[in-house]
Amino acid sequence: MLESAQGIIKKTAKNLRLDSKTISRLLKPKHIHKFTLKVKMDDGKTKSFKAWRVQHNNALGPYKGGIRFHPDSSQEEVQALATLMTIKCAVAGIPFGGGKGAVAVDPKKLTEVEIERLSRAYAAAVAPYIGSKVDVPAPDVNTNPKIMSWMVDEFIKTNSNKFQPIPTNFNYLRATFTGKPVENGGSLGRTEATGRGGVIVLKALLEKARDQIFESALPPKRGYPNLTIAVQGFGNVGYYFAKLAEKEEFRIVAVSDSKGGVYVPSGLNVETTLKCKKEKGYLAGCYCKGSVCDVRYGRPISNDELLELPVDILVPAALENVINSKNMKKIKARIIVEMANGPITEEAYEYLSKKGIIIVPDVLANSGGVTVSYLEWYQNMHNEKWSETKVNKKLKELMEKAFIAIWQRSVTKKIPLKQAAFEEAIEKLSLRAKHLMAKQSH
Ligand code: NAD
C-alpha cells in the first residue's frame, strides 16, 4: 500500500515537474511516533501492545487521520494511510494535513474495560504530540465515538498542567479529537457523511457528464430511476450511500455484506432490506420492495457476482483490492464510485480507465467523512453547535467545489479523475510548502 501511494505521488509530481526536494517532502512523513503500550488486563496481568502515530504532512493545517485497532496494523500501513490522508484532505479542500494512528490489537479479544484502558493508554502516549491546532485524530477501523470520548478525557487529564486555567471554551480542547458522540462535542450528520458525500459527488458527475456517459439511455431531468446501482458492503458507508441514492431516485438493484448479497433487478427498498438483514442476521432472502420481502422479487448473489452485474454504477464500499486482474474484464458498470479505500488494484485501474469506465477515486468519493470531521472541529473551535441541515449544506458545498476543480482539470488535460485529483492535491501542497518556506526565509 505504501509503495503504491508513493508511486502515484512520484508519478504525479514528475508530471507537474516538481523538484526533487519537494517530492521527497511529499513522500517522507514529518514524524513517526512509536509506542509500546502497557495495559492491565482483567486477570491482573499486564500486556504490551505496539502502537504508532504517523504525522505525514501539515503544510495545509493540523495533521488529521483516524486511529485504528487491528491485529495486522504495522508502521508501514500507518505511514501509507497517513500519506493518503494528506492527499484526501487537500482534495477535499479542508485546512488539514495527513496523519494516522494504530494499535496492533484484536479488540474482539478484549473486554470493554480492557478496550477503555488501551484507549486511554494510547491517548496518554500521544498526548504530547497532538492538539486541536497540531494533530486531530478520529475513529477508524474498530474504533468509535465512545473510544474518542475516553481519549479526549485522557488527553485533557494528561495535559492538565498545560491547560491551567481550563479555557472558557472547553470545546477548544475537545476539538483535538473528532468523531465524538454528539453529546460530547460531536457533530450532527457525521454518521451519514461518507455515504452522503459519495452521492453528492455522483450527482455532480452525472450533471456534467450524463449525455457523454449515457448517450443512448438519457435519464429524465429529475431523479435517476433508469440508472441502476450495485453496492458492495452494507455497513456505515454502503448502507448510507444506498439509502441516500435511493432517496435521489436511483434504482438500487443489489447490496451485499461479508456473507453475500441480494439482487433485485426491479430495485430494492434499502430500509426494509436492512430491517430484514437485522432480523435474519444475513441478507439472503431479503428481496425487499416497499415494505414486503418476497422470494419472487430477487435472488441471492455472491460478492463476486455483485461486482460483475450489468449495472450502470458500481459502488465498492467494503474492502480493498476487490476489483483486480481476475475480474476486471467482467466489470460491466459505466461508472465506479470508490467508496472503500483502494478497492481497485493498479492493474485493474489501468485496464478499466483505458476502456473508458469513469472511476471516481476514493480520495474524492469517500472524503465526506473527513469533511464533516473538519466541520466538527470548526464548531468546537468556535464554540458553535450547528443543525444537521447546516452541516449537510456545508458538506454539499465543499464536496461539489472539490469535484468541480477535479472535473475541470480532468477535462482540460484529458486525464482520468484519479490523476486529476492527485495533481490538484499535490499542486496545492507544493504551492503551500513554497509559500511557507518563503515566509521562513524572510
Ligand atoms: P463497516 O465495518 O461499517 O462496514 C463494512 C461492510 O463491509 C459490512 O457490511 C461488512 O459485512 C462488509 N464486508 C466485510 N467483508 C466483506 C467481504 N469480504 N465482501 C463484501 N462485503 C464485506 O465499515 P465502513 O465504515 O462502512 O467502511 C467501509 C469502507 O469505507 C472501508 O474501506 C473504509 O476504510 C472506507 N471508509 C470509511 C469511512 C467512514 O467514514 N466510515 C470513510 C472513508 C473510507
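Residues numbered from 1 in each chain as written. Predicted model: local features only at pLDDT ≥ 70, side-chain atom pairs only at ≥ 80, totals over all residues. Heavy atoms only, no water.

Colleague: How should I be thinking about the nonpolar core in this particular structure?
Modeller: For soluble globular proteins, nonpolar side chains are generally found buried alongside one another. Counting residues in hydrophobic clusters, the biggest one holds 87 residues, and the most contacted among them are Ile229, Phe241, Ile335 and Val337. In terms of residues, this core owes the most to one element, helix H7 (residues 190–213), which gives ten residues. Residues contacting Ile335, with those up to four places away along its chain left out, are Leu202, Leu205, Leu206, Ile213, Phe214, Asp312, Ile313, Leu314, Ile357, Ile358 and Val360. If you look at the next biggest cluster of nonpolar residues, it comprises 30 residues, including Val105, Ile115, Ala121 and Ala127. (Core = buried A, V, L, I, M, F, W, Y, C linked by side-chain atoms within 4.5 Å. Buried < 20%, exposed > 50% of the residue type's maximum accessible area, 1.4 Å probe, protein only. Helix = DSSP H or I, 4+ residues; strand = E, 2+ residues; numbered from the N terminus. Contact = heavy atoms within 4.5 Å.)

Colleague: What exactly am I supposed to notice about empty space enclosed by the protein here?
Modeller: One water molecule sets the probe size; rolling that probe over the atoms shows where empty space is left. Counted under the stated rule, the structure contains one cavity of 30 Å³ or more. Of the pockets and cavities examined, the largest cavity occupies roughly 30 Å³. Forming the walls of the largest cavity are Ile9, Leu26, His56, Thr83, Thr86, Ile87, Ile426 and Leu429. Contributing elements (two or more residues each) for the lining of the largest cavity: helix H3 (75–92) and helix H15 (417–441). The element contributing the most residues to the lining of the largest cavity is H3, with three residues. Here the residues of the lining of the largest cavity sort into five nonpolar, three polar and no charged. (1 Å grid on protein atoms, 1.4 Å probe; cavity = no way out; pocket = protein on both sides within 12 Å on 5 of 7 lines; lining within 4 Å. Points joined across faces, edges and corners; volume = space filled by probe spheres on them. Nonpolar A, V, L, I, M, F, W, Y, C, P; charged D, E, K, R; others polar.)

Colleague: Can you help me understand the site of the ligand in this one?
Modeller: For the ligand, the set of nearby residues contains 18 residues, the closest of which are Thr194, Phe234, Asn236, Val237 and Ser258. Here Ser258 contributes a backbone N or O atom positioned 3.0 Å from an oxygen atom of the ligand. In this structure, Asn303 approaches the ligand through a side-chain N or O atom, which is 3.2 Å from a nitrogen atom. Summarising the interface, the protein chains cover 68% of the accessible area of the ligand, which totals 840 Å² for the free molecule. Among the secondary structure elements, those contributing two or more residues to the shell around the ligand are H7 and helix H8 (236–247). Split into classes, the residues belonging to the shell around the ligand amount to seven nonpolar, nine polar and two charged. (Near = heavy atom within 4 Å. Polar contact = N/O pair within 3.5 Å; in protein donor to acceptor, adjacent residues only side chain to side chain. Areas by Shrake-Rupley, 256 points an atom, 1.4 Å probe, with all protein chains shown as cover.)

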